[in-house]
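Analysis of the macromolecular model
Here is how the chains run, residue by residue.
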Amino acid sequence: MDLYLWLKSFHVMAIIAWMAGLFYLPRLFVYHADSVPGSERSETFKIMERRLLKAIMNPAMIATWILGLAIAYLGGFLTSGWFHAKMLAVIVLSGFHGHLARCVRSFESDTNIRTAKYYRVINEVPTVLMIAIVILVIGKPF
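Residues numbered from 1 in each chain as written. Predicted model: local features only at pLDDT ≥ 70, side-chain atom pairs only at ≥ 80, totals over all residues. Heavy atoms only, no water.

Right, let's get into helix H3 (residues 81–108). With 28 residues, H3 should cover 40 Å at 1.5 Å per step; its first-to-last C-alpha distance of 41 Å lies within 8% of that length. Remark: Asp-110 follows H3 within two positions and exhibits a positive phi of approximately 55°. (Helix = DSSP H or I, 4+ residues; strand = E, 2+ residues; numbered from the N terminus. Expected span 1.5 Å × (residues − 1).)

For the rest of this paragraph, the subject is the environment of Leu-25. With respect to the element layout, Leu-25 can be found in helix H1 (residues 3–33). For Leu-25, a relative accessible area of 0% gives the class buried. Separated by 75 residues in the primary sequence, Leu-25 and Leu-100 have C-alpha atoms spaced 7.6 Å apart. What Leu-25 contacts, discounting residues up to four positions off in sequence, is Glu-49, Leu-52, Met-57, Leu-100 and Val-104. (Buried < 20%, exposed > 50% of the residue type's maximum accessible area, 1.4 Å probe, protein only. Contact = heavy atoms within 4.5 Å.)

This next bit is on the UniProt feature "transmembrane region" (unreviewed entry) in the chain. In the UniProt entry, the feature "transmembrane region" (unreviewed entry) is given for residues 12–31, 52–75, 81–100 and 121–139. With 100% helix and 0% strand, residues 12–31 has end C-alpha atoms that lie 29 Å from one another. Along residues 81–100 the backbone is 100% helical and 0% strand, and the end-to-end C-alpha distance reaches 29 Å. (UniProt positions renumbered as here; feature names shortened; annotations may be inferred.)

Dropping the structure here:
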């Protein structure tokens, strides 16, 4: 296997780990939002959320970005229209990641003001972006 395929393999692994976290963290927030601040349940959620974000999601996002840009460079995709659209979706996904990190901090300090319903709704954001990204990468429509 050449370098491009190795990078692509590790990129896909990083994406899977990052997306798993982006799907799971808002789900944890749904249950955490219904917990009494300071309760044992709430404190357990804080640990789970912090570890998921710091040990899995952050490293996976960084790896996804680094490997993805390397693949784009090696593959000559930097000037392709589909790549620009994909990058926009990845930037939005990264912004969503940042929003989730802020939510973790608000739960950590017991200052969350959002409802479980809010977290149920935003849980769909990564799914919509993932669909767009996969269609752009596989179909290369423009």
